[in-house]
Amino acid sequence: MGCCGSRESKRDWKPLEDRSCTDIPWLIIFILFCIGMGCICGYPIATGAASRLISGYDSYGNTCGHNNTKIEGVPLSGRDMTEKKYVFFLEPCNLDLINRRIKSIALCVSKCPATELLTYNDLKKFALNNGSHLCSYDITPTRYTSHSERYTKCPKLPVSQSKAIPLLHRCIPVDIGCYAEFAQGFITFVSDNTVLRRVIAGVMASKEIIMGLCLLALVLSLIMMVVIRYISKVLVWILTVLVIIGSIGGTGVLWWLYADHRIALENNTTSAFGKEVASDNVKALLVYAIGATIFTVVLLLVMFFLRKRVALTISLFHVAGKVFIHLPLLVLQPFWTFICLMLFWVYWIAVLLFLGTAGTPIKNNSTGAVEYHMQGPLQYLVWYHAVGLIWISEFILAFQQMTIAGAVVTYYFTRNKSQMPVTPILSSMARTIRYHLGTLAKGSFIITLVKIPRLILTYIHSQLKGKENACARCMLKACVCCLWCLEKCLAYLNQNAYTATAINSTNFCTSARDAFLILVENALRVAAINTVGDFVLFMGKVLIVSCTAFAGVLALNYQRDYTVWVLPLLIVCLFAFLVAHCFLSVFENVVDVLFLCFAVDTKYNDGSPGRQYYMDKALMEFVENSKKMGWHKPDDGDGREMKSMVRGGTVA
């Protein structure tokens, strides 16, 4: 199963019509691991933890909406709560920020208070009229106004109007203002409470603008995909010119707005709140302007040094545009992957919450509340579940890469494009599921092995922040950086290994070795085409983010008197980058797959009879130019022509 144990003999790169299953032992291991994940989900369901989470439980171990059994040492446990289906917290705004929970006594009630209750007499009337006791079970409603412990065992007055959360049966206050303390504690970098309030108010005041700008980012990403598809030849130069204009123009606009707002602040005669908002905007604009200036200078320097190599990517981009014309479903790959990841993450979070309410009921001697803890070997289920999050997420991403690679490989090595399958993407998915899931399991597991220690070291560094000495801090950061670089290198090698598997139907280790050798033999082409191509796509992402940010600056400029720009603009830019990355990462994968196919094609073919190229005419022109530049010639090979991926309309 290991790479060193691969005994498959070295073979030439020849796209196969007949495929075989790869890395079957790793597929069996992955299936067993997924069965273990299913058992972890079944454990809290079988022991009632899932029911406790969904229905809710009080501080005495009673599950709301159920008839409960007695817990030893807890007098108020074992009650029949069939008619009391909602959880009510005496102090819903008393939040424990360290343990991320509500620090309050919880009770099972039959109804949440729909109106504000101001006095204990109101509590008494509410309990008698609705049968919903809002004080501890050992206090009868008639004694709410006179009981000596009413200040600790009854809710703090006034009781806010609350509403039950759908599905989770918790009474939550309608006024979310009580959670301002939680928001203040969560954003620890904000030292001034008034700044936090103004930032949040700015987000709420400009929520329509934020939603509109996010939609604009999505539209710009789709337009970029259309541009890539139809005018890929001039795309490189269009992006280069637009990024230069956009960077310089955006930087100039930011400095102009900074000067304009500063002059307006000096002449400001409005209220104190208006001056504070204007002062925050001036500071934010200064930071943005300086950052944009530094970014623009660095970008222009990089583009100057790469100006000669940018032209080498045009041919490859042109072929990538043709791929999207023949394989339009490639555009939808980010959506399917995103949906699969979201469904899995929702499932993972739900099971994690189930595990949080699983285990043995234990009475907390300090608070008197019942808490559930897993003991013995069961407490390690959470770690197993955490590994599953990384491995399965990486597996889903690897499945997308293999699907794209299979479809592009089929396109490249099919001489007669009219013989392409009707749906190459679906054919590639079926081929991956039938033959290569074990390869994906092994490749994603390797990434998991590197990612887990990096995350652990990152967590340790965050926990020891301010406590460790400078040497330990430097060593931790160096280890995290090295693991991050190793992860990125392995991810790139994995992607090329999946492409080699899609071509040769070899196992992961053999494919990774063959792909690595091809990349080493074409090191100059990797630097000149692949890297520059990624840089051009990065410029496309910068263009989308810049246009969205520029529109955001213009839109928010009309609300300068009552909106702080910092958080709304950051939210919009982050969303724009994520959307652009999802779309353009597909094009990036296509370029990488085409490059490896191109390298294989030039290695074993030279255009002579019997050894004709598979590549597009645009790439043939690139080959002629590369020969003039003194690049290496194709190997002699065995004198036989490489097989086509499709023969007689059949799919490899």
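Scroll up for the structure.
Residues numbered from 1 in each chain as written. Predicted model: local features only at pLDDT ≥ 70, side-chain atom pairs only at ≥ 80, totals over all residues. Heavy atoms only, no water.

As for the nonpolar core
The criterion, for reference: Residue types Ala, Val, Leu, Ile, Met, Phe, Trp, Tyr and Cys, when buried and joined through side-chain atoms within 4.5 Å, form a set referred to as a nonpolar core. Categorising residues by exposure relies on relative accessible area from a 1.4 Å probe, with only protein chains included: less than 20% of the type maximum marks a residue as buried, more than 50% marks it as exposed, and the intermediate range marks it as partly exposed. The helix count covers DSSP runs of H or I at least four residues long, the strand count covers runs of E at least two residues long, and both are numbered beginning at the N terminus. Contacts are assigned to residue pairs that have any heavy atoms within 4.5 Å of one another.
Formed by 75 residues in total, the largest nonpolar core has its most connected members in Val323, Leu330, Tyr412, Leu440, Val590 and Leu594. Tallying contributions element by element places helix α13 (residues 381-412) first for this core, with 14 residues. Every residue in contact with Tyr412, bar those within four places of it in the chain, is listed here: Lys417, Leu594, Cys597, Phe598, Asp601, Tyr614, Met615 and Leu619. Core analysis: the next-biggest nonpolar cluster, separate from the first, contains 30 residues, Val87, Phe88, Leu123 and Phe126 among them.

Focus: the state of the cysteines
Worth spelling out the cut-off: Any pair of cysteine sulfurs within 2.5 Å is marked as a disulfide.
Under the defined criterion, the tally for this structure stands at three disulfides. Note that Cys64 is cross-linked by a disulfide to Cys108, the S-S spacing being 2.0 Å. Sign of the S-S torsion, about -85° for the bond between Cys64 and Cys108, identifies this disulfide as left-handed. In this pair, Cys64 sits in the loop between α2 (49-55) and β1 (86-89) while Cys108 sits in strand β4 (residues 106-109), placing the two residues 44 residues apart along the sequence. The partner cysteine of Cys112 in its disulfide is Cys171, sulfur to sulfur 1.9 Å. Between Cys112 and Cys171 the disulfide shows an S-S torsion of about -75°. By sign, it is left-handed. With Cys112 in the loop between β4 and α3 (120-130) and Cys171 in strand β6 (residues 171-173), this residue pair connects regions lying 59 residues apart in the sequence. Each of the two residues, Cys112 as well as Cys171, counts as buried. Lacking any disulfide linkage, Cys482 is separated from the closest cysteine sulfur, that of Cys481, by 5.8 Å.

Any functional reading would require information that these geometric values do not contain.
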